[in-house]
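Examining the three-dimensional arrangement
For reference, the chains in residue letters:
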Amino acid sequence: MNNEAVLAELRALREQVTGVTDAAVASSDGLPVASDTDGVRPEVLAALAAAALGLSKSAGNEVGMGELREVTIRCSGGHIVVYAVRDRNLLVVLGDEGLDIAHLHLQSRPVVDRLAEILAPV
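So, a few notes on the structure that sits alongside this text.

This part covers the pairing of strand 3 (residues 70-75). Inspection of the sheet shows strand 3 paired to strand 4 (residues 78-85) by six bridges, in the antiparallel sense. By the bridge assignment, Val71 is partnered in strand 4 with Val82. Where strand 3 folds back on strand 4, the antiparallel hairpin that results is connected by two residues.

This part covers the pattern of salt bridges. Side chains that differ in charge, positive against negative, can pair when their charged atoms come close. Counted by the stated rule, this structure contains six salt bridges. Here Glu9 ties to Arg114 by a salt bridge, and the two come within 2.8 Å at their closest N and O atoms. Taken together, the residues span a long stretch of sequence, with Glu9 in helix 1 (residues 3-16) and Arg114 in helix 3 (residues 101-119) at a distance of 105 residues. Here Asp38 ties to Arg14 by a salt bridge, and the two come within 3.2 Å at their closest N and O atoms.

A word on the nonpolar core. Here is a general trend for soluble globular proteins: nonpolar side chains tend to be buried in one another's company. Core analysis: the biggest nonpolar cluster contains 21 residues, and Leu10, Leu91, Leu104 and Leu115 have the highest contact counts within it. Among the elements of the structure, helix 1, strand 1 (20-27), strand 4, strand 5 (89-95) and helix 3 are those that each provide at least two residues to this core. Here this core takes six residues from helix 3, the largest share from any one element. Non-local contacts of Leu10, meaning those with residues more than four positions away in its chain, are made with Ala23, Ala24, Val25, Ala34, Ser35, Asp36 and Leu91. By size, the runner-up hydrophobic cluster in this structure holds 14 residues, among which are Leu45, Val71, Val82 and Ala84.

Helix length check: helix 1 (14 residues) gives 20 Å between terminal C-alpha atoms against 20 Å at 1.5 Å per residue, within 8%. Of the positions making up helix 1, those classed as buried are Val6, Leu7, Glu9, Leu10 and Leu13. Seen end-on, helix 1 carries its buried residues on one side only, within an arc spanning 155°. Counted as exposed and oriented over 90 degrees from the buried face of helix 1: Glu4 and Glu15. Close packing links the buried residues of helix 1 with strand 1, strand 2 (32-36), strand 5 and helix 3. For helix 1, the side-chain oxygen to backbone nitrogen distance between the N-cap and Glu4 is 3.2 Å, and the N-cap itself is Asn2.

Right, let's get into the sheet that holds strand 3. Within the open sheet, the five strands sit side by side as 2-1-5-4-3. Their pairing is antiparallel. Two strands lie at the open edges of the sheet, namely strand 2 and strand 3, each paired on one side alone. With strand direction ignored, the average angle separating the axes of adjacent strands in the sheet is 15°. For strand 1 and strand 2, the ladder comprises four bridges, and the chain directions are antiparallel.

Mapping Ser56 onto the fold places it in helix 2 (residues 42-62). The spatial distance from the C-alpha of Ser56 to the C-alpha of Arg69 is 9.6 Å, given a sequence separation of 13 residues. Contacts of Ser56, omitting those with residues within four sequence positions, involve Leu68 and Val71.

Thresholds applied
- Residues numbered from 1 in each chain as written.
- Predicted model: local features only at pLDDT ≥ 70, side-chain atom pairs only at ≥ 80, totals over all residues.
- Heavy atoms only, no water.
- Pairing = 2+ DSSP bridges.
- Helix = DSSP H or I, 4+ residues; strand = E, 2+ residues; numbered from the N terminus.
- Salt bridge = Lys/Arg side-chain N within 4 Å of Asp/Glu carboxyl O.
- Core = buried A, V, L, I, M, F, W, Y, C linked by side-chain atoms within 4.5 Å.
- Buried < 20%, exposed > 50% of the residue type's maximum accessible area, 1.4 Å probe, protein only.
- Contact = heavy atoms within 4.5 Å.
- Expected span 1.5 Å × (residues − 1).
- Arc of directions from axis to C-beta.
- Polar contact = N/O pair within 3.5 Å; in protein donor to acceptor, adjacent residues only side chain to side chain.
- Axes fitted to C-alpha atoms, helices over the stretch in contact; angles between N-to-C directions.

The structure is reproduced here in structure tokens:
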């Protein structure tokens, strides 16, 4: 895995989307892979994002909605968005109240695809 390439993707996403404050990549079992965070502990963010993704995958499967793509959580202070990166990883993005969700979703799709290639087992 090319850690610098993953970090470059996270930093670019933060620069391209208004309101993104933190971003990280984790394994689907909650272990941090790489993070571009300021005030958030990467290991906690990775574990919580993996739990949210896992629960949402189960819900999607149970109701027959197909493969999970993302989970969006809106809090009083901002947003938490978790994207599935194939079956083994996830991208979690934190944003403030000014986060441009539509632009984030648009920009994140190619990022998820590139991360899947970077993180693919050799």
